[in-house]
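# Residue-level structure breakdown
Chain by chain, the residues:
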Amino acid sequence: MSPMRAINRIVAALVALVLLGASAITLVEIALAALGKSPWIVNHTTLANDLHHRVWQDGWVRFAGASAVIVGLLLLYVAFRRGAPTDLPLQTDEPGVTFTVTRKSLESYAAGIAESETGVDSASVKARKARVTVTASTMLLDPGDLEQRVQAAVAAHLGNLHLAHPVNTAVSVRNRGN
Amino acid sequence: MKNRIDRINRALLAVVGLLLVVAGALVIALGTSLFGGRADKQVIPPSVSTFIRDNSWYWWAVAAMCVLVAVLMLRWLFAQLQTSSLSKLNVRSDRRDGETVLEAAAIADAVEHEVLAISGVSSATMRLLGTASSHHHKLTVLLDERADINTVRSRLSRQTVPNLQQALDFDDPQLQIRLALPGRRRRRVA
């Protein structure tokens, strides 16, 4: 399970728990009031009196409104955020069969390709559906055509994977000697 | 092949989030006189209290709504604990001569054993996902430094997929094959 899906599940469980708890407490309070018993958690008489005396411009009322907007926006962000894909599809023409390559392994693989170029000390890679970004570090004072060499090597190897969607390979070289 | 519960989570979180944003924005608008001179009016005016007092059904309606919300939230909560893995698979269930049930673990073992025999494969994990009526298979193959990805793919296509089709007696097995490439070993695709 991807981190994004795990976060969605945790947030969904929390929201469900909060709404379940609120519903249960309301039900119990209604039942207790109907039976003429004293309230369990929420003193509805005090709450009702309080709300009768509060006006819309009251600081607490506006604070509650602002809190609802913030929590709502956070939930919308969690609902609509698309994390990085866990897999990148490969070309295939077989019906019912999908070949994919895991994004993490592709990043590690491309980093290995970049590091195999002379002059590269280390490399990190971020892969998305249509773009692979390589950041290579070098100790060379004059990297020369290192950026082009890394770009050509990574692009060639990724091309040989036959990814379903063409990816642009962007390379930046950082000089660690400076 | 996206998980159904994840789509439901996104939809419900969006609905709850949208309701909160609209309600919160309305409260702020009322409190900042965006709707005329309502900012100094009571949050619960006396007319609302009178309405609640005069209509005994009101609290029954609230209670019914709470029961409905509680039941839906319980279902939503338990849905988070579900996994989409299948332990058994019915094949030939519509034939008159009985039904054939395959253990998912047995299918997985057979496929993994076959895939591990391919040169360049260091591990293989097979999972059966979905429901009895709509299922798919996910095979994760970890490649080692010797692997030529295109050769491995070819072997999987020519050997593993047809064998799986035959074993399951399905023409269209809905199979996802995830390849995990070897990393940082200065190994290139041949």
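Residues numbered from 1 in each chain as written. Chains lettered and ligands numbered in written order. Predicted model: local features only at pLDDT ≥ 70, side-chain atom pairs only at ≥ 80, totals over all residues.

## Side note on the overall build of chain B
Each helix and strand counted, chain B has five helices and five strands in total. Reading the helices (α) and strands (β) of chain B from amino to carboxyl end gives α-α-α-β-β-α-β-β-α-β. Burial status across chain B gives 21% buried among its 190 residues. Counting only contacts in chain B whose residues sit at least 6 apart along the sequence, the fraction spanning at least 24 positions is 55%. (Helix = DSSP H or I, 4+ residues; strand = E, 2+ residues; numbered from the N terminus. Buried ≥ 20, exposed ≤ 12 C-beta atoms within 10 Å, placed from the backbone. Contact = placed C-beta atoms within 7 Å.)

## Focus: the nonpolar core
Counting residues in each nonpolar core, the largest one holds 50 residues, and the members touching the most others are A110(A), A114(A), V134(A), V150(A), V154(A), V141(B) and L179(B). When neighbours within four sequence positions are excluded, L179(B) is seen to be in contact with F99(A), V101(A), V141(B), L143(B) and I149(B). Of all hydrophobic cores here, the second largest spans 16 residues; its members include A16(A), A79(A), V27(B) and W76(B). (Core = buried A, V, L, I, M, F, W, Y, C linked by C-beta atoms within 7 Å.)

## Quick notes on the packing of helix α4 (residues 104-116) of chain B against helix α5 (residues 149-168) of chain B
Residues and elements named next belong to chain B. Orientation of α4 relative to α5, taken along the N-to-C sense of each, is 160 degrees, at an axis distance of 11 Å. Overall, the two elements α4 and α5 adopt an arrangement that is roughly antiparallel. At the point where α4 passes α5, the crossing takes the right-handed sense. Residue-level contacts link I107, V111, E114 and V115 of α4 to L156, T160, N163, L164 and A167 of α5. When its residues are assigned to classes, the contact of α4 with α5 shows six nonpolar, two polar and one charged. (Axes fitted to C-alpha atoms, helices over the stretch in contact; angles between N-to-C directions. Parallel < 35°, antiparallel > 145°, perpendicular 65-115°, else oblique. Left-handed = near helix turned anticlockwise from the far one by under 90°. Nonpolar A, V, L, I, M, F, W, Y, C, P; charged D, E, K, R; others polar.)

## Side note on the sheet that holds strand β5 (residues 168-175) of chain A
All names here are of chain A. Pairing is mixed in the open sheet, where three strands are placed in the order β3-β4-β5. Single-partner strands in this sheet number two, and they are β3 (120-127) and β5. Strand-to-strand, the axes of this sheet are offset by a mean angle of 20 degrees, without reference to chain direction. Pairing of strand β4 (residues 131-138) with β5 involves eight bridges; the strand directions are parallel. Across the sheet, the residue bridging to V134 is V171, located in β5. Across the sheet, helix α4 (residues 103-115) touches β3 and β4, and the angle it forms with β3 is around 150 degrees. Seen against the sheet, helix α5 (residues 146-161) touches β3, β4 and β5 and runs at an angle of roughly 145 degrees to β5. (Pairing = 2+ DSSP bridges.)

## Describing the environment of K88(B)
Residues and elements named next belong to chain B. Mapped onto the elements, K88 comes out in strand β1 (residues 88-91). K88 sits 14 residues away from L102 along the chain, and the two C-alpha atoms are 5.6 Å apart. If near-sequence neighbours (up to four positions away) are discounted, K88 is found in contact with V101, L102, E103 and A104.

## Re the interface of chain A and chain B
Between chain A and chain B, the residue contacts involve 59 residues of the former and 59 residues of the latter. Secondary structure elements with two or more residues in the side of chain A that touches chain B: α1 (3-34), α2 (44-53), α3 (59-80), β2 (97-102), α4 and α5 of chain A. Broken down by element, the residue count for the side of chain A that touches chain B peaks at 16 residues, all from α1(A). Partitioned by chemical class, the residues of the side of chain A that touches chain B number 35 nonpolar, 17 polar and seven charged. Both β2(A) and strand β5 (residues 175-180) of chain B contribute to a ladder of five bridges, which runs parallel. Looking across to β5(B), one finds that T98(A) is bridged to Q176(B).

## A look at the sheet that holds strand β4 (residues 135-143) of chain B
Strand order in the open sheet formed by five strands is β1(A)-β2(A)-β5(B)-β4(B)-β3(B), with mixed pairing between adjacent strands. Here the strands that pair on one side only, and so sit at the sheet edges, are β1 (87-89) of chain A together with β3 (121-130) of chain B. Strand-to-strand, the axes of this sheet are offset by a mean angle of 25 degrees, without reference to chain direction. Sheet topology places β3(B) next to β4(B); nine bridges connect them, and they run antiparallel. From the neighbouring strand, L129(B) faces β4(B), where its bridge partner is H136(B). Contacts from α4(B) reach β3 and β4 of chain B, with the element oriented near 150 degrees to β3(B).

## Focus on the confidence of the model for chain B
Looking at chain B, pLDDT values average 85 and 87% of them are 70 or higher. Interface predicted TM-score (ipTM) for the complex: 0.74; the corresponding pTM is 0.73. (pLDDT = per-residue confidence, 0-100.)

## A short note on the environment of S157(B)
With respect to the secondary-structure elements, S157(B) resides in helix α5. For the pair S157(B) and I177(B), spaced 20 residues apart in the sequence, the C-alpha separation amounts to 9.8 Å.

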